[in-house]
Amino acid sequence: MNKLNSKIPEGPLAQKWSNYKDHINLVNPANKRKLDIIVVGTGLAGASAAASLGALGFKVKAFCYQDSSRRAHSIAAQGGINASKNYQNDGDSVYRLFYDTIKGGDYRAREANVYRLAEVSGNIIDQSVALGVPFAREYGGLLDNRSFGGAQVSRTFYARGQTGQQLLLGAYSALSRQVKLGNVELFERHEMLDVVLVEGRARGIIARNLVDGNIERYSAHAVILATGGYGNVFFLSTNAMGSNTTAIWKAFKRGALFGNPCFTQIHPTCIPVHGDYQSKLTLMSESLRNDGRIWVPKRKEDVEALRHGKMKPKDISEENRDYYLERRYPAFGNLVPRDVASRAAKERCDAGFGVGETGLAVFLDFAASIKRLGKSTIEERYGNLFQMYYKIVNEDPYENPMMIYPAVHYTMGGLWVDYELQSTIPGLFVAGEANFSDHGANRLGASALMQGLADGYFVLPYTMQNYLADQINVPRFKTDLPEFDAAESAVNAQIQKLMNIKGNKTADHFHKQLGKIMWEYVGMGRNKAGLEKAVEQIRQVKADFWKDLKIPGETTELNPELEKAGRIADFLELGELMAMDALNREESCGGHFREEYQTPEGEAMRNDEKYMYVAAWEFKGENSVPEMHKEALKYESIEVKQRNYK
Amino acid sequence: MSSLALFYSSITKKIILALAGLFLITFLLVHLGINLLLLLNDGGALYMTAVGFMTTNPLIKIMEVFLFGGFAIHIILGIIVQVYNWMARPVRYKVEGYSHTSFFSKYMIHTGAIIFVFLMIHFNNFYFVKLGWVAPPAGLEKEDFYQMAILLFSSRFYSIIYLILMLFLAFHLNHAFQSAFQTLGLSHTKYTPFIKFAGTAYSIIVPLGFACIPAYYLFLK
Amino acid sequence: MNFTLKIWRQKNAKAKGKFVTYKLNDISSNCSFLEMLDILNEQLVLKGDEPVAFDHDCREGICGTCSLYINGHPHGPDTAVTTCQLHMRKFRDGDTIVVEPWRAKPFPVIKDLIVNRNAFDQIIQAGGFISVNTGGIPDANAILIPKEDADYSMDAAACIGCGACVAACKNASAMLFVAAKVSHLALLPQGKAEASDRVQAMVRKMDELGFGNCTNTGACEAECPKQISITNIARMNREFLGAKVGSQKKRVSSGGGF
């Protein structure tokens, strides 16, 4: 049972983090210089962690697969970052942000972690402003806020539609400064392919230099994985093309437990799929829902007329439009949380009211707002998003309503971590989207940036010291230990195995197959039969993959097909685990919707008695069924309720 | 000075280049003012007075040093900057830039080189004659710039060359004027449009003013 | 739609490269440029050839990874987009499309169309930051920043570091990139404290890396996918001049430490 010790500090909820900080062990400055930390991933969590740890005096090595540490996919976050500053005097507080996040996550997140997140949220804004993030301002020079889904206060700070970019560039500049000061060493175009354990502790990684194909060894006293989410298991997602699960999957196979793998967020406002050749989906910021109204036609004949081009959306009169979110959820309307909005769109489209060529789209209409606020205001708020939409779809969203459809966006699941963000492997810490910790079964908008930066700037600098305090006498590691030899041979063996298949299909072929299965059966609506089918089909694709994959080129050069193949090999295994986790969880909660478990009105129905726990899966060997461990969730400061946005 | 210039930062080089350029631009105005006196119907009296003033006044003598310095700095730095720029792209594109850019800006070194060649001819015709390095045309005093000018412009060939040169001068100035302000960091939402307008106007009016003289000799005499 | 592609192929940094011609048929006009290359690569792989290597990641125009010099334009013929946002509808059926890597001495080719843009990171590392450590920061609203300044700063901060400015410039100058960063920080009160050192350090690094000089052609601004204005370059020149003329000699620390 003690596999899962969440190490939640004693004391009342609001004092836990202070209590923890007051009593941890620290490392003195002279000793910090003797301790090495590896950070894999340079997104918000990784860059902020590496910069902060470097500033403390630790010697940090930071890795990313991109050509520059500034390009991690955190950069694509558009809408904003939450913080409980209550600058708007609208009743916000740490408790309320905590409450909204727990409720938004459908009571499947750990109370103490979420409270800490809400507590440090304000510091993130202070820190980012100090680093030069040009957040939106009001005319008086104070910071501006906007509202976001799942909240009744305006607590979202933003920098146009590029908040993630600006926050990341802030963290990246702090990281760059530490590089200049000699505290951080950067390894770009390096992909981590295994974590090395020495005497049960994480002591290094094996990485492939993507330019020359060299397999390299790096050692450290502790390792942080901040490698983001695994939404690309669906092939089509809003993630970057290179986003992958390999780092956390290899850690899983080395003994780190994987928490709630099936919790996936489907974002309601993405540009619909338009063809087979499509490589990724583009998100339209959720902030659009502030001023856009979502609807589909009320009558089937209008749906037909639209599809055949006999009618324009604006020709449909008000009484023949179904503003289904406003109809179903009058209190929150278009600002319901993402999972609710996505399912409602799917419900309308499944019922045959979807628009667009494929019938898999709904309208997001700005006509009313343009009339009320004027085109220039809308342009100021969303100009770049409208332009982006126009460039992709070739239709002017000022004239015609946008068409949107849900798409895979974020994975709440990830490696299981305790309160200190340490996985079940001692010395292996996991931050940001790569861990499972703070969002439960559904993440609220503008909370991912908050969590990534909270982990990196304000949590890891404390919790890592607590871990490293008794490591000060451990000398720097050599990479010629037998453990490194073994890990490196395993990595080489897998690469050779992939190269030697010499089959007839490209890596993408299998990835697309996997994606279709995942979207169909492990997507927005899941059921027992479908999930069982998914497990079976994924195994088949996996078998085919290892028989019929084709990779051209050499291992000793830049080889994009080899990179893809390695990632897909891990996705194939992860996909199966996700389906198993979804099968196990016989309830609907947040982004996990089991069709068997819904209210008569079609709302998600939780089963708190049986499933109020984190499902943490343990790897038991290739071709063995992983073992599930449960971390029971206790809610002491919050009353568990059925989520209601009506 | 040139070996020192190599160690200046790129922006310092550009700023000096721009300042020297602006100095030359103001000099052009003075030069044009005197040249236009050629068109007066007074047998060159006023022109020669002006030339006399320019060649003997001690203050102008001092300015002359600055003027030559300005030319030298502008030319040497221009060449250094250009060489650096060529070195910055050792492998060129197959399809060269179709980017929307200010057209003349791409050919500053070329228009500059043409102007330099003319400058040398010009020196040969006037300044070197005055210094006694080059013999004056037969029958003329070495200070008689008026007659020298008339003699030159009466040559069709010289006048046509002069007109063409003015075209290149216009091209060079067109970019130079506003570019100098940009380099000096003088960009402003309110005033930059005016500077751009003034630059274009200057680059048309001044060469046109110079061109009047050969045009007068070509077409009206 | 059908296209003839002339693509630069180069095995690695040391190899000699050449253009190779490919024919590609039945491409949807809604296909993005990179999806078109995906289709080409799928065909190449199935034939047993090596696919064309190109940089790409987010495919939504923000990470700055994608590059490509297409028919004489960085990021292709459309304005204000990156290559990943460029769609084939911007070309005519039957067009010949020449695809080259960014060309500049500080951006050496790694393979095919991929270049090494680490020079940009080095410029940022030289001083493109505000020197604050994590924590101990006053409240975010303690500093008032006029909306106008924040907006101009954001205009500059929108730079995605793709390198199109360098690729477009006939001099391979990195001035727009550096100016965007300098402006972003110089316009904010937080960034003013070390503005003078910052601009000098970044320009020094830029020169050292072998980028060309700015000759104010404006090609960078025209091709910038984020439409960053060359007024930022003027601002940087101003900052630089002010820093050079106005700064004192470096102060020798009088010690007093441990």
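Residues numbered from 1 in each chain as written. Chains lettered and ligands numbered in written order. Predicted model: local features only at pLDDT ≥ 70, side-chain atom pairs only at ≥ 80, totals over all residues. Heavy atoms only, no water.

Trainee: How would you summarise the overall build of chain B if you had to cite specific residues and measurements?
Mentor: A count of helices and strands for chain B gives nine helices and zero strands. Ordered by position from N to C terminus, the α and β elements of chain B give α-α-α-α-α-α-α-α-α. With the principal axes as the frame, chain B shows a C-alpha extent of 55 × 40 × 40 Å. When burial is assessed residue by residue, chain B has 45% of its 221 residues classed as buried. Of the contacts formed within chain B by residues at least 6 apart in sequence, a portion of 73% connects residues at least 24 apart. Of the roughly 12000 Å² of accessible surface on chain B, 75% is carried by carbon and sulfur atoms. When the 13 basic and 6 acidic side-chain charges of chain B are each reduced to a single mean position, those positions are 21 Å apart. (Helix = DSSP H or I, 4+ residues; strand = E, 2+ residues; numbered from the N terminus. Buried < 20%, exposed > 50% of the residue type's maximum accessible area, 1.4 Å probe, protein only. Contact = heavy atoms within 4.5 Å. Areas by Shrake-Rupley, 256 points an atom, 1.4 Å probe, with all protein chains shown as cover. Lys, Arg positive; Asp, Glu negative; His and termini not counted. Charge placed at Lys NZ, Arg CZ, Asp CG, Glu CD.)

Trainee: Can you lay out the overall build of chain A for me, pointing to particular residues and giving the numbers?
Mentor: Each helix and strand in chain A was counted, giving 18 helices and 19 strands. Its C-alpha radius of gyration of 24 Å places chain A within 12% of the 26 Å reference for a compact globule of 646 residues. For chain A, the C-alpha atoms occupy an extent of roughly 75 × 60 × 50 Å along the three principal directions. Looking at the 646 residues of chain A, the share that counts as buried comes to 68%. Counted over contacts in chain A with a minimum sequence separation of 6, partners at least 24 positions apart contribute 74%. For chain A, the exposed surface amounts to about 21500 Å²; the carbon and sulfur share of it is 48%. (Rg over C-alpha atoms; globule rule 2.2 N^0.38 Å.)

Trainee: So what about the interface of chain A and chain C? Which residues, and what values?
Mentor: Every contact between the two is made by 78 residues of chain A and, on the other side, 77 residues of chain C. Here chain A meets chain C over a buried area of about 6300 Å², counting both sides, of which 52% is carbon and sulfur. Across the pair Arg117 of chain C and Asp67 of chain A runs a salt bridge, and its minimum N-O distance is 3.3 Å. Of all elements in the fold, only helix H3 (44-56), helix H5 (111-130), helix H6 (163-180), helix H12 (375-393), helix H13 (448-468) and helix H17 (560-584) of chain A reach the threshold of two or more residues within the side of chain A that touches chain C. For the side of chain A that touches chain C, the per-class residue count stands at 31 nonpolar, 26 polar and 21 charged. (Buried area = accessible area lost by both parts, 1.4 Å probe. Salt bridge = Lys/Arg side-chain N within 4 Å of Asp/Glu carboxyl O. Nonpolar A, V, L, I, M, F, W, Y, C, P; charged D, E, K, R; others polar.)

Trainee: Give me the packing of aromatic side chains: which residues, what numbers.
Mentor: A complete count under the given rule lists 58 aromatic pairs over all chains for this structure. On the basis of an interplanar angle of 65° and a centroid distance of 4.9 Å, the ring pair of Phe366 of chain A and Phe386 of chain A is categorised as edge-to-face. In this pair, Phe366 of chain A is assigned in the loop between strand S14 (362-365) and helix H11 (367-373) and Phe386 of chain A in helix H12, connecting sequence segments 20 residues apart. The exposure class assigned to Phe386 of chain A is buried, which follows from its relative accessible area of 1%. Aromatic pair Phe153 of chain B and Tyr217 of chain B: ring centres 5.7 Å apart, planes at 10°, arrangement stacked. Pair noted here: Phe153 of chain B is in helix H7 (residues 145-153) and Tyr217 of chain B is in helix H9 (residues 192-220), with a separation of 64 residues, a long-range link. (Phe/Tyr/Trp six-rings, centres within 6.5 Å; stacked < 30°, edge-to-face > 60°.)

Trainee: Now, about the packing of helix H2 (residues 10-36) of chain B against H9 of chain B: what can you tell me, with residues and values included?
Mentor: Residues and elements named next belong to chain B. Direction vectors running N to C along H2 and H9 enclose 30°, while the axes themselves pass 10 Å from each other. Here H2 lies roughly parallel to H9, going by the angle between them. Handedness of the H2/H9 crossing: left-handed. Here H2 contributes Ile25, Thr26, Leu28, Leu29, His31, Leu32, Asn35 and Leu36 to the contact with H9, which in turn contributes Tyr202, Val206, Gly209, Phe210 and Ile213. (Axes fitted to C-alpha atoms, helices over the stretch in contact; angles between N-to-C directions. Parallel < 35°, antiparallel > 145°, perpendicular 65-115°, else oblique. Left-handed = near helix turned anticlockwise from the far one by under 90°.)

Trainee: Give me the lowdown on the interface of chain C and chain B, citing residues and values where you can.
Mentor: Contacts between the two partners involve 49 residues from chain C, matched on the other side by 36 residues from chain B. Both faces considered, chain C and chain B share a buried interface measuring about 3200 Å² in area, 53% of it formed by carbon and sulfur atoms. When the area that chain C buries against chain B is broken down by residue, the three leading residues are Lys170, Asn213 and Asn216 of chain C, summing to 20%. There are 21 residue pairs in polar contact (both at pLDDT 80 or more) connecting chain C and chain B. When residues of the side of chain C that touches chain B are traced back to their parent elements, those giving at least two are strand S4 (73-74), strand S5 (96-100), helix H4 (164-168), helix H7 (195-208), helix H8 (219-223) and helix H9 (231-246) of chain C. At nine residues, H9 of chain C tops the list of elements feeding residues into the side of chain C that touches chain B. A class-by-class count of the residues in the side of chain C that touches chain B yields 27 nonpolar, 13 polar and nine charged. (Polar contact = N/O pair within 3.5 Å; in protein donor to acceptor, adjacent residues only side chain to side chain.)

Trainee: Quick one: what's the story with the domain arrangement of chain A, residue by residue and with numbers?
Mentor: All names here are of chain A. The domains assigned to chain A are domain 1 (13-263 + 412-471), domain 2 (267-409) and domain 3 (494-621). Just the C-alpha atoms count here: the centres of domain 1 and domain 2 sit 32 Å apart. Residue-level contacts link 25 residues of domain 1 with 25 residues of domain 2. Summed over both sides, the interface between domain 1 and domain 2 buries roughly 2100 Å², with carbon and sulfur atoms accounting for 52% of that surface. Of all residues in domain 1, Gln78, Leu236 and Thr238 bury the most surface against domain 2, accounting for 29% of the area lost on that side. Summed over the shared surface of domain 1 and domain 2, the result is zero salt bridges. Summed over the shared surface of domain 1 and domain 2, the result is 10 residue pairs in polar contact (both at pLDDT 80 or more). Its residues assigned to classes, the side of domain 1 that touches domain 2 shows eight nonpolar, 15 polar and two charged. (Domains from an automatic or database assignment.)

Trainee: Explain the nonpolar core to me, using residue names and the numbers behind them.
Mentor: One finds Ile81, Ile224 and Leu225 of chain A together with Phe211 of chain C to be the most contacted residues of the largest nonpolar core, which totals 295 residues. Beyond its immediate chain neighbours, meaning those up to four positions away, Leu225 of chain A contacts Val40, Met192, Ala247, Ile248, Ala251, Leu415, Leu428, Phe429, Val430, Ala431 and Ala434 of chain A. Grouped together as the second largest cluster of nonpolar side chains are 27 residues, Leu40, Leu68, Met88 and Phe91 of chain C included. (Core = buried A, V, L, I, M, F, W, Y, C linked by side-chain atoms within 4.5 Å.)

Trainee: Lay out the pattern of salt bridges in plain terms, naming residues and giving numbers.
Mentor: Throughout the structure, instances matching the rule amount to 64 salt bridges over all chains. Residue Asp322 of chain A is joined to Arg327 of chain A by a salt bridge in which the shortest nitrogen-to-oxygen separation is 2.9 Å.

Trainee: Could you give an account of the environment of Pro77 of chain C, with specific residues and numbers?
Mentor: Residues and elements named next belong to chain C. Looking at where Pro77 falls in the secondary structure, it is placed in the loop between S4 and S5. By relative accessible area, Pro77 is classed as partly exposed at 37%. In sequence terms Pro77 and Leu187 are 110 residues apart; their C-alpha atoms lie 32 Å from each other. Beyond its immediate stretch of four places on either side in the chain, Pro77 contacts Leu86, Lys90 and Phe91.

Trainee: An account of empty space enclosed by the protein is needed here, citing residue identities and associated values.
Mentor: Counted by the stated rule, this structure contains 13 cavities of 30 Å³ or more. Its volume calculated, the second largest cavity comes out at about 680 Å³. Pro560, Glu563, Lys564 and Arg567 of chain A together with His56 of chain C are the residues nearest the centre of the second largest cavity, which is lined by 41 residues in total. Going through the elements one at a time, helix H15 (507-521) and H17 of chain A together with helix H1 (33-47) of chain C are the ones with two or more residues in the lining of the second largest cavity. Element by element, the count of residues in the lining of the second largest cavity is highest for H17 of chain A, at seven residues. Each residue belonging to the lining of the second largest cavity can be placed in one class, and the counts come to 15 nonpolar, 13 polar and 13 charged. (1 Å grid on protein atoms, 1.4 Å probe; cavity = no way out; pocket = protein on both sides within 12 Å on 5 of 7 lines; lining within 4 Å. Points joined across faces, edges and corners; volume = space filled by probe spheres on them.)

Trainee: So, the sheet that holds strand S10 (residues 258-259) of chain A: which residues are in play, and what are the values?
Mentor: All names here are of chain A. The antiparallel open sheet is built from four strands, whose spatial order is S16-S10-S18-S19. Only two strands of the sheet have a single partner each, and these edge strands are strand S16 (414-415) and strand S19 (627-632). Where strand S18 (residues 613-618) lies against S19, six bridges are found, and the strand directions are antiparallel. When the bridges of S19 are listed, Ala616 appears paired with His629. Of the strands in this sheet, S10, S18 and S19 touch H17, which is tilted by about 145° from S18. (Pairing = 2+ DSSP bridges.)

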